[in-house]
Amino acid sequence: METLCLLSYRGVPTHKGTRPRAGLPKRLDKVVVMSAQPTPNDAVVVGYDGSPTADLALDWAAATAAHQRRELHILGVRDSVNSPDRTADALDRIRKAHPGLTASASAPVGNARYLLVDAGETAACVVLGNRGRSRWRAALLGTVSLSVAMHANCPVVIIRKRDSVIAPPKKLLVGVDGSSTSVAAARYAMEIAPAGAEVKVVMAWPTAATADQIPPAAREILDRVDLADTDGVSVTK
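Residues numbered from 1 in each chain as written. Predicted model: local features only at pLDDT ≥ 70, side-chain atom pairs only at ≥ 80, totals over all residues. Heavy atoms only, no water.

1. Focus on the environment of Gln68
Here comes step 1: For Gln68, the position within the fold is in helix H1 (residues 52-68).
Here comes step 2: Exposure remark for Gln68: the relative accessible area of 15% places this residue in the buried category.
Here comes step 3: Not counting the four nearest positions on each side in its chain, Gln68 is found in contact with Val44, Glu191 and Ile192. (Helix = DSSP H or I, 4+ residues; strand = E, 2+ residues; numbered from the N terminus. Buried < 20%, exposed > 50% of the residue type's maximum accessible area, 1.4 Å probe, protein only. Contact = heavy atoms within 4.5 Å.)

This is how it looks when you write it as structure tokens:
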């Protein structure tokens, strides 16, 4: 069964306005942005370029938005004004699969990393595929997804190519290290987990230990992740 793994970048604050912008354009005022429109507040945002993994990311994002009763926004960033806008096809796909889901789309021209991080300022989460439409775009998207995951002020979900992608996921694996962001990752897992799902919280420790011989310091870190079984979702540590 597909398992969704959630991790955090240690020590990076979760509140808005404090994340470093390393890896993003140094002169944001020089980034060309055309045909942009504001991202709906608290929406599930999915980056879309028409590639197979973008379709998987789109399907996951739509199912998650429907589960959470949120709006879906499709962000089809283009390299230039001559690049095709594929968001209309994406909207058609979603409206057929989820007729009652509120969905919108935009296809701005600009820097994908900047625009996706910017969308994350007001989004509930940002969803990306891990491969692009070509070998060059695949390598670029890997850089984009890593940069967005490091700098966005919201959860970022990166979808890998699989035979199937389950959303909402029935099994969620959360890596914790005692940081506030790892606790936030665990709470997000509970937020997206449907009834009947299992959330498993794990952490690595430098010395060997059995399940009944967890070092006190490690147990203290696990206890900071204060999650309780709720709404049919089971939690194990």
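2. Considerations on the pattern of salt bridges
Here comes step 1: Evaluation of the coordinates by the stated rule reveals four salt bridges.
Here comes step 2: Its salt-bridge partner being Asp42, residue Arg70 comes within 2.5 Å of it at the nearest N-O pair. One end of the pair, Arg70, is in the loop between H1 and strand E3 (72-75); the other, Asp42, is in the loop between strand E1 (3-6) and strand E2 (44-47), with 28 residues separating them in the sequence.
Here comes step 3: Relative accessible area serves as the criterion here: at 18%, Arg70 is assigned to the buried category.
Here comes step 4: The exposure class assigned to Asp42 is partly exposed, which follows from its relative accessible area of 44%.
Here comes step 5: One salt-bridge network, in which partners are shared between bridges, spans Asp42, Arg70 and Glu191. (Salt bridge = Lys/Arg side-chain N within 4 Å of Asp/Glu carboxyl O.)

3. Here we look at the confidence of the model for the protein chain
Here comes step 1: Across the protein chain, the average pLDDT comes to 78, with 73% of residues at or above 70.
Here comes step 2: Scored below 50 in pLDDT, residues 9-35 shows 61 contacts in the model against residues more than four places distant or in partner chains.
Here comes step 3: The low-confidence segment residues 134-140, where pLDDT is below 50, has six contacts with residues more than four positions distant or belonging to other chains. (pLDDT = per-residue confidence, 0-100.)

4. Structural notes on the sheet that holds strand E5 (residues 125-129)
Two pairing modes exist for strands in a sheet, parallel and antiparallel, and in both the strands are linked by backbone hydrogen bonds.
Here comes step 1: Taken in spatial order, the five strands line up as E4-E3-E2-E5-E6 in an open sheet, and their pairing is parallel. On the outer flanks of this sheet lie strand E4 (103-106) and strand E6 (156-159), each paired with one strand and no other. Averaged over neighbouring strand pairs, the angle between their axes works out to 20° when direction is ignored.
Here comes step 2: Pairing analysis gives four bridges linking E3 to E4, with the strands arranged parallel. Residue pairing for E4: Leu72 is matched across the bridge by Ala103.
Here comes step 3: Contacts from helix H2 (residues 87-97) reach E3 and E4, with the element oriented near 170° to E4. (Pairing = 2+ DSSP bridges. Axes fitted to C-alpha atoms, helices over the stretch in contact; angles between N-to-C directions.)

5. Thoughts on the nonpolar core
Here comes step 1: In terms of nonpolar packing, the biggest core is built from 42 residues, with Val46, Leu58, Leu72, Ile74, Val127, Val199 and Val201 touching the most fellow members.
Here comes step 2: When residues of this core are assigned to their parent elements, the largest contribution, eight residues, is made by H1.
Here comes step 3: Ranked by size, the runner-up nonpolar core spans 14 residues in total, among them Leu115, Ala119, Ala123 and Ala152. (Core = buried A, V, L, I, M, F, W, Y, C linked by side-chain atoms within 4.5 Å.)

6. Let's talk about helix H5 (residues 180-192)
Residues spaced three or four apart along an α-helix point in a common direction, a consequence of the helix completing one turn every 3.6 residues.
Here comes step 1: The first and last C-alpha atoms of H5 sit 19 Å apart over 13 residues, in line with the 18 Å expected at 1.5 Å per residue.
Here comes step 2: Those residues of H5 not exposed but buried are Thr181, Ser182, Val183, Ala185, Ala186, Tyr188, Ala189, Met190 and Ile192. (Expected span 1.5 Å × (residues − 1).)

7. Points about helix H6 (residues 216-224)
Here comes step 1: Three or more residues of H6 are buried, namely Ala218, Ile221 and Leu222. With its buried residues spanning 100° around the axis, H6 presents them on a single face.
Here comes step 2: The elements touched by buried residues of H6 are strand E8 (198-202). (Arc of directions from axis to C-beta.)

8. Focus on the side chain of Ser106
Here comes step 1: The residue Ser106 is located in strand E4 in this model.
Here comes step 2: Only 3.0 Å separates the side chain of Ser106 from the side chain of His73, close enough to count as a polar contact. (Polar contact = N/O pair within 3.5 Å; in protein donor to acceptor, adjacent residues only side chain to side chain.)

9. With respect to unusual backbone geometry
Here comes step 1: Within the chain, Asp42 stands out as a residue other than glycine whose phi angle is a positive 60°.
Here comes step 2: The residue Arg69 is not glycine, and still its phi comes out positive at about 60°.
Here comes step 3: By the secondary structure assignment, Arg69 is in the loop between H1 and E3.
Here comes step 4: The class of Arg69 is exposed, set by a relative accessible area of 79%.

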